[in-house]
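Structure at a glance
The lines below spell out each chain.
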Amino acid sequence: MKVGIIGASGYTGAELIRGLSLYQEVEINQIVSRNFAGKKLKDVFPHLSDSRYQDLTFEEEADLDSSDFYFLALPHQPSVELVKLLHEKGKKVVDLSAAYRIKNPSAYPNYYGFEHKYLELLSESVYGLPEIFREEIGKASIVANPGCYPTATLLALFPAVKEGIIQSDSITVNALSGISGAGRGLKQHFHYPEAYGNAYPYNPIKHRHIPEMEDVINGISDKKLLIRFTPHIIPVSRGMISTVVFKTDMKKEQLEELYRLEYRYEPFIRILNNPPAIKDVVGSNYCDIYVDYDERTGDAVVISAIDNLGKGASLQALQNFNIMTGMLEDKYIKDISRVSILFP
Ligand SMILES: NC(=O)C1=CN([C@@H]2O[C@H](COP(=O)(O)OP(=O)(O)OC[C@H]3O[C@@H](n4cnc5c(N)ncnc54)[C@H](OP(=O)(O)O)[C@@H]3O)[C@@H](O)[C@H]2O)C=CC1
Ligand SMILES: CC(=O)N[C@@H](CCC(=O)OP(=O)(O)O)C(=O)O
């Protein structure tokens, strides 16, 4: 199968190439980037110098015919258009941007600053969180790969929402992200002197992942739930922690049992006996989850950890690819540590 990666010179693009280089059934036949056009993969990403794609050259423009399957690792607006064009050509796509993630179209003008032009495709695309939408992903031709904060948060919430045990109307979510979550472009507050030895919250009231998370949980829950979300930047390159807190009368043992039962067959979810750490998931597609209960306040406290570029983006995109193409869901993804990583 021929696979194209558009937006291949960014952080998630590099991670897609890292993962796909293990796939025997796949040939990456195009990697696209305007700024790196004409350069070889090994010169742009030296950590991939021993990859079988080391001499593949970046193309300036995407060829929408020559690949069978496309990964888009682009900003949201270019993705809106490209998904449409690829869909018209009958191609399967995993889009890593938010362009087709949110079913409620008003989220686009309200949180992303543009009107979505292709509402019929928005309802046709499937949200690419396999632990919730596996069956739909298997039949989809457009999969909207989730955002990193929504991946960590929704996996920490899903068993509780599905079981209907959340008694509060809102759920408090505090999350920490490594800096690669912001992409490879330069921004002042991510410069080394400003980010190193520092940590800070941002968009504490209105972050664009709120409608994405609420869209999913309110599609499952009988009662309307709101997300009270505060993201923070921490001085690591990759990795993410999300802590979710909600009122419930289900105590620790029952809660843990609920989570273990729901995720018992999931290849990439690990329920831990202690709070998770970023270092244990970086470079992988795992989501580590810890479940506890605060007897004093009557709150469940669920903490998840992922790699924002792994389960939060590119390796989850490969999990979706495996499902969409009928491969074993964890094939090659669990061998990923064999390939060198950007920012180990
Ligand atoms: N970083 C993360 O942790 C996560 C990112 N995502 C999403 O994945 C997508 C990619 O993110 P990431 O890899 O971090 O981003 P980067 O900024 O690192 O890379 C963006 C890529 O898109 C290309 N690009 C940028 N602007 C345009 C444009 N206007 N038209 C065509 N190509 C363009 C760039 O190459 P060039 O400019 O040379 O063409 C580059 O290859 C984004 O939508 C992001 O929101 C999702 C989950 C997690
Ligand atoms: C650290 C940082 O800036 N993170 C990004 C989220 C990365 C991600 O998942 O983004 P998309 O929804 O855009 O795909 C942010 O807060 O906007």
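A quick note: this is a predicted structure, and the numbers were derived from the prediction, not measured.

A few words on the overall build of the protein chain. Along the backbone of the protein chain there are 11 helices and 14 strands. A compact globule built from 344 residues should have a C-alpha radius of gyration of about 20 Å, and the protein chain, at 19 Å, falls within 12% of that. Each principal axis of the C-alpha distribution contributes one length, and for the protein chain these read about 60 × 45 × 40 Å. For the protein chain, the accessible area works out to roughly 14,700 Å², and carbon and sulfur atoms hold 50% of it. Charged side chains in the protein chain number 37 positive and 44 negative. The centres of these two groups are separated by 3 Å.

Here we come to helix H10 (residues 252-262). For H10, the full list of buried residues reads Leu 255, Glu 256, Leu 258 and Tyr 259. When H10 is viewed along its axis, its buried side chains cluster within an angular range of 155° and face the same direction. Contacts made by the buried residues of H10 are with helix H7 (148-163), strand S11 (240-247), strand S12 (269-271), strand S13 (287-294) and strand S14 (299-306).

Further remarks concern the UniProt feature "active site" (unreviewed entry) in the protein chain. In this numbering, the UniProt entry assigns the feature "active site" (unreviewed entry) to Cys 148. Note that Cys 148 resides in helix H7. Aside from chain neighbours lying at most four places away, what touches Cys 148 is His 209, Met 240, Ile 306, Asn 308 and Gly 312.

Right, let's get into the pairing of strand S2 (residues 27-32). For S2, the buried fraction is high: five of the six residues fall into the buried class. Sheet topology note: the strand S1 (residues 2-6)/S2 ladder contains five bridges and is parallel. The residue of S2 that forms the bridge with Ile 6 is Val 32. At this point the chain moves from S1, through helix H1 (residues 11-20), to the parallel S2, and the crossover so formed is right-handed. In this structure, S2 lies alongside strand S3 (residues 58-59), joined through two bridges in parallel fashion. The residue bridging Ile 31 from the neighbouring strand is Phe 58, located in S3.

This part takes up the side chain of Thr 153. Here Thr 153 shows up in helix H7. Among residues more than four places away in sequence, those in contact with Thr 153 are Val 173, Met 213, Ser 242, Val 244 and Ser 304.

One can read the domain layout of the protein chain as domain 1 (2-146 + 310-338) and domain 2 (148-306). Distance from the C-alpha centre of domain 1 to the C-alpha centre of domain 2: 23 Å. Between domain 1 and domain 2, the residue contacts involve 35 residues of the former and 31 residues of the latter. When the area that domain 1 buries against domain 2 is broken down by residue, the three leading residues are Tyr 11, Tyr 111 and Lys 311, summing to 25%.

Most of S1 is tucked away, with four of its five residues classed as buried. The sheet contact formed by S1 and strand S4 (residues 69-72) spans four bridges and is parallel. Paired with Ile 5 across the two strands is Phe 71, which belongs to S4.

All right, on to the sheet that holds S1 then. Taken in spatial order, the seven strands of this open sheet run S3-S2-S1-S4-S5-S7-S6, and their pairing is parallel. With one partner strand each, in any of the chains shown, S3 and strand S6 (126-127) form the two edges of the open sheet.

Let us now look at the UniProt feature "domain: Semialdehyde dehydrogenase NAD-binding" (unreviewed entry) in the protein chain. UniProt records the feature "domain: Semialdehyde dehydrogenase NAD-binding" (unreviewed entry) for residues 2-140 in the present numbering. Taken end to end, residues 2-140 comprises 35% helix and 17% strand; its first and last C-alpha atoms sit 18 Å apart.

At Asn 203, a residue that is not glycine, the phi angle is positive and equals roughly 40°. With respect to the element layout, Asn 203 can be found in the loop between strand S9 (200-201) and helix H9 (209-220). In this structure, Phe 343 is a non-glycine residue whose phi angle is positive, near 55°. Tracing the backbone through its elements, the reader meets Phe 343 in the segment after helix H11 (310-324).

Of all residues adjacent to ligand 2, which total 14 residues, the nearest are Arg 101, Tyr 202, His 207, Arg 208 and His 209. In the model, an oxygen atom of ligand 2 is placed 2.9 Å from a nitrogen or oxygen of the Cys 148 main chain. Side-chain polar atom of His 209 to an oxygen atom of ligand 2: 2.4 Å apart, as the coordinates give it. Expressed as a share of its isolated accessible area of 440 Å², the protein-covered part of ligand 2 is 87%. Looking at the shell around ligand 2 residue by residue, the class counts come to six nonpolar, six polar and two charged. Counting the residues that make up the shell around ligand 2, at least three belong to each of domain 1 (2-146 + 310-338) and domain 2 (148-306).

A few words on the site of ligand 1. Around ligand 1 there are 26 residues in total, and Ser 9, Thr 12, Ser 33, Asn 35 and Leu 74 lie nearest to it. Here Ser 33 contributes a side-chain N or O atom positioned 2.8 Å from an oxygen atom of ligand 1. Between ligand 1 and Leu 74 there is a distance of 2.6 Å, counted from an oxygen atom to a backbone nitrogen or oxygen. Taken together, the elements giving at least two residues each to the shell around ligand 1 come down to H1, helix H3 (76-88) and H11. Here the shell around ligand 1 is built from residues that sort into 10 nonpolar, 13 polar and three charged. Split by domain, the residues of the shell around ligand 1 number at least three in each of domain 1 (2-146 + 310-338) and domain 2 (148-306).

Criteria and cut-off values
Residues numbered from 1 in each chain as written. Chains lettered and ligands numbered in written order. Predicted model: local features only at pLDDT ≥ 70, side-chain atom pairs only at ≥ 80, totals over all residues. Heavy atoms only, no water. Helix = DSSP H or I, 4+ residues; strand = E, 2+ residues; numbered from the N terminus. Rg over C-alpha atoms; globule rule 2.2 N^0.38 Å. Areas by Shrake-Rupley, 256 points an atom, 1.4 Å probe, with all protein chains shown as cover. Lys, Arg positive; Asp, Glu negative; His and termini not counted. Charge placed at Lys NZ, Arg CZ, Asp CG, Glu CD. Buried < 20%, exposed > 50% of the residue type's maximum accessible area, 1.4 Å probe, protein only. Arc of directions from axis to C-beta. Contact = heavy atoms within 4.5 Å. UniProt positions renumbered as here; feature names shortened; annotations may be inferred. Pairing = 2+ DSSP bridges. Right-handed = clockwise from strand over helix to strand, strands pointing away. Domains from an automatic or database assignment. Buried area = accessible area lost by both parts, 1.4 Å probe. Near = heavy atom within 4 Å. Polar contact = N/O pair within 3.5 Å; in protein donor to acceptor, adjacent residues only side chain to side chain. Nonpolar A, V, L, I, M, F, W, Y, C, P; charged D, E, K, R; others polar.

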